[in-house]
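In case you want the letters, here they are:
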Amino acid sequence: MHESEPTPSAPPAAPPPAPDAEVAGAARPATGRLLALAGIGVIALGSAGAFAWTAGWLGGDRLTAPELIGAIEANGTAHPGFRRAHAKGVCVSGTFRGTGQGRALSRAEAFSGMPVPVLGRLSIGGGNPHDPDNTARVRSMALQFGGPDASQWRMAMNSFPFLAVATPEAFHAQTVAQRPDPATGKPDPAAMPAFLAAHPRARAFQQWAKTAPWSDSWANTSYNSVNAFRFIDADGGERFVRWSMRPHAAFHALDAAERERADADFLAADLQARLEQGPLHWDMVVTLAAPGDPVDDPSRPWPDTREQVVSGTLTLVHAEPQATGECRDVNFDPLILPPGVAASDDPILAARSAAYSQSFNRRQREIALGRGDAATAPEHAQ
Amino acid sequence: MTTPTHFNAAARWLHWSMALMIVSMLFIGVGMMASVSARPWLIDLHRPLGIAILMLAVLRLRNRLRSPTPALPSTLPQWQKTAAHASHWLLYGLMLSMPLIGWAMLSAGGFPVQISPSFVLPPILPQDVTLYAALRALHGWLAYLLFATVLMHVSAALLHAWVFRDGVFPAMTRGRDR
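Below you will find a few notes about this structure. (Residues numbered from 1 in each chain as written. Chains lettered and ligands numbered in written order. Predicted model: local features only at pLDDT ≥ 70, side-chain atom pairs only at ≥ 80, totals over all residues. Heavy atoms only, no water.)

**Observations concerning the overall build of chain A**
The secondary structure content of chain A amounts to ten helices and ten strands. Whereas a compact globule of 382 residues would reach a radius of gyration of roughly 21 Å, chain A reaches 28 Å, over 25% beyond that. Across its three principal directions, the C-alpha atoms of chain A cover 100 × 60 × 45 Å. Within chain A, the fraction of its 382 residues that count as buried is 47%. Across chain A, contacts joining residues at least 24 apart in sequence account for 74% of those joining residues at least 6 apart. Of the roughly 18,100 Å² of accessible surface on chain A, 58% is carried by carbon and sulfur atoms. (Helix = DSSP H or I, 4+ residues; strand = E, 2+ residues; numbered from the N terminus. Rg over C-alpha atoms; globule rule 2.2 N^0.38 Å. Buried < 20%, exposed > 50% of the residue type's maximum accessible area, 1.4 Å probe, protein only. Contact = heavy atoms within 4.5 Å. Areas by Shrake-Rupley, 256 points an atom, 1.4 Å probe, with all protein chains shown as cover.)

**Structural notes on the environment of G127(A)**
All names here are of chain A. Residue placement: G127 occurs in the loop between β2 (116-124) and β3 (139-145). Owing to a relative accessible area of 37%, G127 belongs among the partly exposed residues under this scheme. Between the C-alpha atoms of G127 and T315, which are 188 residues apart in sequence, the distance is 28 Å. If we skip the residues at most four places from it in the chain, G127 touches H79, R84 and A87.

**Focus on the state of the cysteines**
Residues and elements named next belong to chain A. Under the defined criterion, the tally for this structure stands at one disulfide over all chains. Put simply, C91 and C327 are joined by a disulfide, and their sulfur atoms are 2.1 Å apart. Handedness of the C91-C327 disulfide follows from its S-S torsion of about -80 degrees: it is left-handed. Here C91 is found in strand β1 (residues 89-98), whereas its partner C327 is found in the loop between β9 (308-321) and β10 (341-343), with 236 residues between them in sequence. (Disulfide = S-S within 2.5 Å.)

**Here's the deal with the pattern of salt bridges**
Residues and elements named next belong to chain A. Taken as a whole and assessed by the stated rule, the structure comprises 14 salt bridges over all chains. Note that K88 is salt-bridged to D265, the shortest N-O span being 2.6 Å. Highlighted residues: K88 in the loop between α2 (65-73) and β1 and D265 in the loop between α7 (256-261) and α8 (266-277), separated in sequence by 177 residues. Since its relative accessible area comes to 12%, K88 is described here as buried. Taking the shortest distance from any N to any O, the salt bridge between R274 and D270 comes out at 3.1 Å. On the criterion of helical spacing, the pair formed by R274 and D270 is a turn pair, its members being four residues apart in helix α8. (Salt bridge = Lys/Arg side-chain N within 4 Å of Asp/Glu carboxyl O.)

**A look at the nonpolar core**
Of all hydrophobic cores here, the largest spans 46 residues; its most connected members are M141(A), F145(A), W153(A), F231(A), W243(A) and M245(A). Residues I336(A), M25(B), M98(B) and M105(B) belong to the second largest nonpolar core, which totals 38 residues. (Core = buried A, V, L, I, M, F, W, Y, C linked by side-chain atoms within 4.5 Å.)

**So, the pairing of strand β6 (residues 229-232) of chain A**
Residue and element names in this part refer to chain A. Of the pairings in the sheet, the one linking β6 to strand β7 (residues 238-247) comprises four bridges and is antiparallel in character. By the bridge assignment, F231 is partnered in β7 with R239. Here β6 hands over to β7 after five residues, with G236 in that stretch at a positive phi of 90 degrees. In the sheet, β6 pairs with β10 via three bridges, with the strands oriented antiparallel. Looking at the pairing, R230 lines up with A342 of β10. (Pairing = 2+ DSSP bridges.)

**Quick word on α8(A)**
In an α-helix, one turn spans 3.6 residues, which is why side chains three or four residues apart end up on the same side. All names here are of chain A. Taking 1.5 Å of rise per residue, the twelve residues of α8 would be expected to cover 16 Å, and the 17 Å separating its terminal C-alpha atoms lies within 8% of that figure. Within α8, burial applies to F266, L267, A268, D270, L271 and L275. Packed against the buried residues of α8 are β1, β2, β3, β8 (280-288) and β9. Backbone geometry just after α8 places G278 at a positive phi near 150 degrees. (Expected span 1.5 Å × (residues − 1).)

**What about the interface of chain B and chain A?**
Counting residues at the interface gives 37 residues for chain B, matched by 55 residues for chain A. Note on chain B versus chain A: buried area summed over both sides is about 3,600 Å², and carbon and sulfur give 69% of it. The tally of links between chain B and chain A comes to zero salt bridges. Across the chain B-chain A interface, the total number found is seven residue pairs in polar contact (both at pLDDT 80 or more). Sorting the residues of the side of chain B that touches chain A by element identifies α1 (9-34), α2 (39-66), β2 (119-121) and α4 (129-164) of chain B as the ones contributing at least two each. No other element matches the 14 residues that α4(B) contributes to the side of chain B that touches chain A. Grouping the constituent residues of the side of chain B that touches chain A by class yields 23 nonpolar, eleven polar and three charged. (Buried area = accessible area lost by both parts, 1.4 Å probe. Polar contact = N/O pair within 3.5 Å; in protein donor to acceptor, adjacent residues only side chain to side chain. Nonpolar A, V, L, I, M, F, W, Y, C, P; charged D, E, K, R; others polar.)

Spelled out as structure tokens, the structure:
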């Protein structure tokens, strides 16, 4: 029979028995029990603490994905239902057809030569979906090749040739440096110089932003992968690559005066007008890294003498407003990759996937809760 | 048939292997949502491990329903027995529903349900914003519930092992004495 357990506050009436002399099933003496209870407490609290640390709730030093998106959100007003970055855009669709040269580099089905259906989105940089197009230095193209099977490939490209920063921590610091002071509506004038002092290579991006010509259309803009990826061919051979969608439409610069006069939504209107004349094409130009090229640093461009290969042609035939288009509820995560394409160790790539997931979850939740009317209602007079 | 004093071999093997898998999944899950650097390899682990847990959970439930399980000691107060049984059924419910919710969530989000680089599961729901948002929230909250339940389960198990020493813990660590 079991002894009744001593109450926790009662001192032992007799010296504690030796551990192996206990009757099977007997409760332990008080000190042993205390130790056991303490051990259980340590295990439970320690596990909970480890869980909280892993989740980013404790041990505040490292940058987490929610913090990264939070920093971006804090730089402007809330726009429920919209993407947190590149908020303004339009849906597009068409096809992609690969070339033999593409097939030689990667066994991705997109390069099979058969036309692959494409769903995409053209957008401008910035977190405000109502920004006028003429304020946007950065234009972007996101694409999804193929349907919901293993061969699906999503990519998110930008019109800049390289990134200002090489790490998500630096991106976060830059975002904070650009934060408008609520009192003045402008960033703290000391913040950006301090950021540049700590990240001098970001000046190269600012130089590009100041001097490179603006195009006057989405259709004649090049869109770059910026991050490097690995292409894996049918024999398992791997090569580091970056790619660009190079437009067939001739580049035409938007000069300062035209930019001043441009309509708030001139890019979408221009796109629609061009598509009415016929499909728009881009060549997917793949640049191969040479040994020693920086493949994990998106802030370092490769020399333009690197071998380039046209791996396929993108054709866009249709555009529609994002509020009601198929691209609205797509997360163009650049790490949704088919066999034949793999990520490099570029830390920005991993951070993009993490950040886009946060943005997607937040905006889908807002729409589901009925707060995303501006993002989902059919637009008037677009 | 007399009530056994120990869980059968299948139950024990499934218990300990799945315990490892489920605790890993919980940490992988919160880790991949927080991390700016580790998400790619964590999420590539999370999906196949989730499906593996689902398949093992089905086998485990079948084994549980078909084989008698040891009774809790008669000296255990009724409220503790009720709490134990309820928590075990909660654990079964969660280990079966969490992978399904994850699969449904990805389907509703329009994501390929990628288990390996060349194998995807078919979507089990159409793409839908409201369904995605609901399942995303559910997957998270039930994960926290599962973690809390696991912590209580482990704490109670260690109480039985180190304090009550009433044969409950050995029922899951070894087979019946011969």
